Amino acid sequence: MKLLHLHNNFNLAGLMLKILILIFLTSCSSQKIDNPYQAYSKRYMISSQGPLSTKAAKKMFEKGGNAVDAAIALSFAISVERPQSTGLGGGGFLLLKTPEEKTPYAYDFREMAPQLSREKMYLDKQNKVVKGKSLNGPLSAGVPGLVAGLLTIHKKFGKLTLKEVLGPSIEIAEKGFKVYPHLAKAIKARSKTLSRFPSSKKIFYRNGRPLRNGETLVQKDLGKTLRRIAKKGIKGFYYGTTAEKIAIENQKAGGIITLQDLAQYQVRLRKPVSGTFKGHKVYSMGPPSSGGIHVLQILNILENDPLEKMGMGSPEAIHLISSAMQLAFVDRARYLGDEDFVRVPTKNLISKKYAVALRKKINPLKANTFDSVKEKTPFPYESDETTHFTIMDAQGTVISSTQTINGWMGSGFVVPGTGILLNNEMDDFATKVGAKNLFGAVGGEKNLIRPGKRPLSSMSPTIILKNSRPVLALGTPSGTRILTCVAQTILNYIEFKKPLFEAVSSTRFHHQWFPNEIRIGSSPFPKSTQKQLINMGHKIRLKPLGCKVQAIGLEKNILHGVSDPRGEGLSLGG
Ligand code: DON
């Protein structure tokens, strides 16, 4: 209307104003989705790994819902859209910063070990780890926490009804959607386990073979389960029909989750871990995740180094950052576990003083060997599936959440009649101290299995404030790489001052002490850089890291969303 009016009263000033308004409108509100990976907006922004899920969140804003409604709708939708990554049978963490509260809420809805679980449950009589036992089938599943977490958060902060926020996920499940390449790849990769269970085959197979790219995936039973949750809330999952099916069917198939385990599942509201970095306040997830502690530790170790001068991607900077990562992972193995069960010296681990001591262990010209930083035993390597999303609105509400069923397609076991694919999160425990796991690494003592305990995670949903205002929120999937990808993206944005898209999309690297090497992801650094790193004593391995960072920045009052272009996600604002 305003534009028309201006047009009718044509003059130079009017034309200038019109152009300015047009520029403002195109840059701030109406996003043409020709670039799904980047968006700018004024009122709210969503970055997630699933286009349907991002749109589900947007729908909630359009209905008059708030950022929490959007986050809950997104979480349920992505449970349907990315069954390889997350689902009702999984768990996760969610950081929520409201404009009213100084400190973000940190919700922990991580899976819990069933009451019948035992420290040695994945070992044979000779105390040897039975290959695959903690990864495949119902015995690898922890008690799912996702639904309890989402409903708890919605109840406290949501504006819309459960029926409204579950609407999009029910529709996606019942109508179905086209299988995309990453999902097809995951189904195929896990076909051996999926095909063991007729209930899994029924959904993810067609004509006796794994669903292919472009075919439609319909999840009717999952739709029914979602409807039960919409109608009955927590009782629609942890009690009654759904719970009975989970308990009976998983036990029939060799699992140990009971009705009591489900009824006793506890969401925990934790204090996030926090620290500072170059004038910013950083909040992230504490135990049972190792992620936040080590993101802070890595930033602390590097805070006084002139990284920006060295240059992003310079051998000197890569060496220092990798060496800081290496040291963080030594501590991960030694100190981290579920704080409800073991003592974790969080305060010391994230203190600036300790970081100074750690920094002294790094020679600027020479890589540390495995033994020179060795303390006790290394930790297990993790698989590379999970999902992350980030939402921010103009009022200062920020949500950063990482959710997972652990490995691709979790345990591979769909609870018959429910569409719920159970997680294989039990593999995130140390199956035995010193035992090599599937990835050739060994486990730490504080992370041994105990009934009711939560397995150690690397998930690092993170929120960063400057002058008390949220300026960046981010996270990513990809096992142990999560925390190094998050730390690196923060460095790229805040220390190297790169635009957010570049900070997210540039070449990444990872060091986790064991194996003692720098893993360099897609579009690796030039050969000359690699050579200099080798000359410093590093081993180099070229292999994508699997991280798909979902970030939102607040830049001059404009919300800037970036969904990692390595994935199939979507950033969308309004
Ligand atoms: O909690 C963890 O750290 C793992 N279960 C996450 C697994 C994961 O990220 C796989 N990723 N893409």
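This next bit is on the domain arrangement of the protein. In terms of domain boundaries, the protein breaks down into domain 1 (49–92 + 112–265 + 410–447) and domain 2 (270–382 + 460–573). Computed from C-alpha atoms alone, the centre-to-centre distance between domain 1 and domain 2 is 28 Å.

Within the secondary structure layout, Gln530 lies in helix H21 (residues 527–535). In this structure Gln530 touches Ile520, Pro524, Phe525, Ile540 and Leu542, once residues within four positions along its chain are discounted.

Size it by volume and the second largest pocket reaches roughly 270 Å³. The wall of the second largest pocket is formed by 14 residues, among which Lys271, Pro272, Val273, Ser274 and Thr346 lie closest to the centre. Among the elements of the structure, strand E10 (273–277), strand E11 (280–284) and helix H17 (346–349) are those that each provide at least two residues to the lining of the second largest pocket. Tallied by class, residues from the lining of the second largest pocket come to five nonpolar, four polar and five charged.

This paragraph deals with the nonpolar core. Ranked by size, the top nonpolar core spans 78 residues in total, and within it Ile298, Leu302, Leu307, Ile321, Ile490, Leu491 and Phe509 carry the most contacts. At 11 residues, the largest contribution of residues to this core is made by helix H16 (residues 315–335). Leu491 has contacts with Phe277, Leu299, Leu302, Leu307, Ile321 and Phe496, leaving out every residue within four places of it along the chain. Tyr44, Met112, Tyr265 and Phe413 belong to the second-largest nonpolar core, a separate cluster that totals 77 residues.

Looking now at the packing of aromatic side chains. Considering all chains together, one arrives at 10 aromatic pairs under this definition. Ring centres of Phe197 and Phe413 lie 5.0 Å apart, and the angle between their planes is 70 degrees; this geometry places the pair in the edge-to-face category. Of this pair, Phe197 sits in the loop between helix H8 (191–194) and helix H9 (198–204) while Phe413 sits in the loop between strand E13 (398–404) and strand E14 (414–415); the two residues are 216 residues apart in sequence, bridging distant segments of the chain. Since its relative accessible area comes to 7%, Phe197 is described here as buried. Ring geometry for Tyr238 versus Tyr265: centroids 6.1 Å apart, planes at 25 degrees, classification stacked. One end of the pair, Tyr238, is in helix H11 (residues 235–238); the other, Tyr265, is in the loop between helix H13 (259–263) and strand E9 (268–270), with 27 residues separating them in the sequence. Among the aromatic side chains, those forming a connected cluster through ring pairs are Tyr105, Tyr107 and Phe157.

Okay, helix H6 (residues 162–175) next. Its 14 residues place the ends of H6 20 Å apart at the C-alpha level, agreeing with the 20 Å of an ideal helix rising 1.5 Å per residue. In the structure, H6 departs most strongly from a straight axis at Pro168, where the bend amounts to approximately 35 degrees. Along H6, the residues classified as buried are Leu162, Val165, Leu166, Pro168, Ser169, Ile170, Ile172 and Ala173. Those residues of H6 that are buried lie in contact with helix H3 (51–62), helix H4 (67–81), helix H5 (146–157), strand E5 (177–178) and helix H10 (220–232). Residue Gly176 follows H6 closely and has a positive phi angle near 85 degrees.

Moving on, we get to the state of the cysteines. For the coordinates displayed, the defined rule picks out one disulfide. Each sulfur of the disulfide joining Cys485 and Cys547 lies 2.1 Å from the other. Handedness of the Cys485-Cys547 disulfide follows from its S-S torsion of about 85 degrees: it is right-handed. Here Cys485, found in helix H19 (residues 481–495), pairs with Cys547, found in the loop between strand E20 (540–542) and strand E21 (550–555); they are 62 residues apart in sequence, far enough to count as distant. Residue Cys547 is classed as buried on the basis of its relative accessible area of 2%.

Across all of its chains, the model carries 22 salt bridges by this definition. In this structure, the salt-bridge partner of Lys58 is Glu62, at a minimum N-O distance of 3.7 Å. Of this pair, Lys58 and Glu62 are both found in helix H3, four residues apart, which corresponds to roughly one turn of the helix. The partner of Arg566 in a salt bridge is Asp564, with the nearest N and O atoms 2.8 Å apart. Salt bridges sharing common partners tie together Asp108, Arg268, Arg270, Asp340 and Arg454.

Our next topic: the packing of H4 against H10. Running from N to C, H4 and H10 point in directions that differ by 165 degrees, and their axes come no closer than 11 Å. It follows from the interaxial angle that H4 and H10 lie roughly antiparallel. The way H4 lies across H10 gives a crossing that is right-handed. Along its contact with H4, which presents Phe76, Ser79 and Val80, the element H10 presents Leu222, Leu226 and Ile229.

Take helix H18 (residues 352–359) next. One turn of an α-helix holds 3.6 residues; hence residues three or four places apart share an orientation. Along H18, the positions that sit buried rather than exposed are Ala355, Leu358 and Arg359. Looking straight down H18, one finds its buried side chains confined to an arc of 100 degrees; they lie on one side.

Moving on: the environment of Thr404. Secondary-structure assignment places Thr404 in strand E13. Among the polar contacts made by the side chain of Thr404, one reaches the main-chain amide nitrogen of Asn406 at a distance of 2.7 Å.

One open sheet holds the seven strands; their spatial order is E9-E4-E3-E13-E12-E2-E23, and the pairing between them is antiparallel. Both outer strands of the open sheet, E9 and strand E23 (570–573), are each paired with one neighbouring strand and no more. Strand-to-strand twist in this sheet, taken as the mean axis angle between neighbours without regard to direction, amounts to 15 degrees. The pairing of strand E3 (residues 91–97) with strand E4 (residues 105–109) spans five bridges and is classified as antiparallel. Looking across to E4, one finds that Phe93 is bridged to Asp108. Contacts from H3 reach strand E2 (44–48), strand E12 (387–393) and E23 within the one sheet, and its direction differs from that of E2 by about 160 degrees.

Here we take up the environment of Pro524. Looking at the secondary structure, you find Pro524 in the loop between strand E19 (518–520) and H21. Here the alpha-carbon distance between Pro524 and Val267, two residues 257 residues apart in the chain, equals 41 Å. Among all residues touching Pro524, those that are not within four sequence positions of it are Thr507, Gln530 and Leu542.

Quick notes on the rules
- Residues numbered from 1 in each chain as written.
- Predicted model: local features only at pLDDT ≥ 70, side-chain atom pairs only at ≥ 80, totals over all residues.
- Heavy atoms only, no water.
- Domains from an automatic or database assignment.
- Helix = DSSP H or I, 4+ residues; strand = E, 2+ residues; numbered from the N terminus.
- Contact = heavy atoms within 4.5 Å.
- 1 Å grid on protein atoms, 1.4 Å probe; cavity = no way out; pocket = protein on both sides within 12 Å on 5 of 7 lines; lining within 4 Å.
- Points joined across faces, edges and corners; volume = space filled by probe spheres on them.
- Nonpolar A, V, L, I, M, F, W, Y, C, P; charged D, E, K, R; others polar.
- Core = buried A, V, L, I, M, F, W, Y, C linked by side-chain atoms within 4.5 Å.
- Buried < 20%, exposed > 50% of the residue type's maximum accessible area, 1.4 Å probe, protein only.
- Phe/Tyr/Trp six-rings, centres within 6.5 Å; stacked < 30°, edge-to-face > 60°.
- Expected span 1.5 Å × (residues − 1).
- Bend = angle between axes of the 7 residues up to and from the residue.
- Disulfide = S-S within 2.5 Å.
- Salt bridge = Lys/Arg side-chain N within 4 Å of Asp/Glu carboxyl O.
- Axes fitted to C-alpha atoms, helices over the stretch in contact; angles between N-to-C directions.
- Parallel < 35°, antiparallel > 145°, perpendicular 65-115°, else oblique.
- Left-handed = near helix turned anticlockwise from the far one by under 90°.
- Arc of directions from axis to C-beta.
- Polar contact = N/O pair within 3.5 Å; in protein donor to acceptor, adjacent residues only side chain to side chain.
- Pairing = 2+ DSSP bridges.

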